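One-letter residues, chain by chain:
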Amino acid sequence: PANFEKHMRYLRDHYEILRLDVPIESWFKNQSKDAVIVTFDDGYYDFLQNAVPIMEKYDIPATVFVSTGNIDSQYENWTDSILRAVFSDAKQRDSYTFETEYYRGKFPTGNWEEKYKFYKMIRELFIVSSAARRKQYEQQLLEWAGLTMEGRRSRKIMTTKELLEISARKEISIGAHTVTHCSLKHQEVSEQQYEIRESKRILEEITGQEVKLFAYPFGTQNHYSDVT
């Protein structure tokens with residue numbers, strides 16, 4: 001938070017800070033300074049806990065893009081679960097055995113370098129998998145690591161109550177970010193439609209406000225297609 005506050009103070013002092021939830025034409029009214037827009041992905045609890053007070057202190061608007069699948073749950077997003085599982089020392093393992101359509105065999109995890117190589121591999125596996133497959137792999141991986149599905153408080157997604165709280169703040173806008181934080185390009189068309197529409201619907205149901213903004217999970221061209 002202290003480092004984040006330095007960033008926000010610097011942006012306030014050197015840039016025009018614009019809102020993402022206003023018509024684009026309004027961005028160009030003041031061209032005397034370079035401009036920035038502040039956004040956050042996923043909708044973690046620590047956004048409310050740590051970022052919001054600092055942004056309010058410096059009067060900085062922001063948009064938070066929320067993945068809705070773990071709202072009011074005890075779980076982390078799978079992107080955090082696999083990090084927690086692979087690099088945790090809760091139950092040190094020397095290898096992990098895979099039996100999937102993509103990978104088969106025993107993969108070493110005895111030291112940091114092996115864990116990092118393994119992490120990169122399973123991250124790619126999760127990215128190309130369906131939501132159901134990801135959940136299955138996630139449960140297996142956490143069990144292997146001696147961990148439960150229950151996530152860390154700071155890495156959990158905000159609750160309905162917390163989302164309502166931030167939606168009432170005039171300087172914060174809320175956007176959708178899919179349900180399961182998936183790589184849309186690798187999902188079937190029907191799954192893409194569900195991920196996009198359902199995340200929007202859930203947020204509108206919670207906040208009572210129209211959700212007009214959307215951010216692609218992962219954010220690069222490798223993760224969305226013309227179909228998306």
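Whatever comes next refers back to the structure up there.
Residues numbered from 1 in each chain as written. Predicted model: local features only at pLDDT ≥ 70, side-chain atom pairs only at ≥ 80, totals over all residues. Heavy atoms only, no water.

Peer 1: Mind showing me how you'd approach the pattern of salt bridges here?
Peer 2: Charged atoms that come close allow side chains of opposite charge to pair. The tally for this structure, following the rule as stated, stands at 17 salt bridges. Between Glu171 and Arg19 there is a salt bridge; the shortest N-O distance is 3.5 Å. Here the residue Glu171 occupies a position in the loop between helix H6 (160-167) and strand E7 (172-176), and Arg19 occupies one in the loop between strand E1 (16-18) and strand E2 (35-37), the gap between them amounting to 152 residues. Judged by relative accessible area, Arg19 falls into the partly exposed class, the value being 22%. Of the charged contacts, one joins Lys135 and Glu138 as a salt bridge, the two residues approaching to 3.4 Å between their closest N and O atoms. (Salt bridge = Lys/Arg side-chain N within 4 Å of Asp/Glu carboxyl O. Helix = DSSP H or I, 4+ residues; strand = E, 2+ residues; numbered from the N terminus. Buried < 20%, exposed > 50% of the residue type's maximum accessible area, 1.4 Å probe, protein only.)

Peer 1: Explanation requested: the sheet that holds strand E4 (residues 62-66) in the structure shown.
Peer 2: In sheet architecture, strand pairing relies on hydrogen bonds along the backbone and comes in two forms, parallel and antiparallel. One open sheet accounts for three strands, arranged E3-E4-E7; its pairing is parallel. Since the sheet does not close on itself, it has two edges, and those belong to strand E3 (39-42) and E7, each with one partner. Strand after strand, the sheet turns through a mean of 20 degrees between neighbouring axes, direction not considered. Along the sheet, H6 contacts E4 and E7; its crossing angle with E7, the most-contacted strand, is approximately 130 degrees. (Pairing = 2+ DSSP bridges. Axes fitted to C-alpha atoms, helices over the stretch in contact; angles between N-to-C directions. Contact = heavy atoms within 4.5 Å.)

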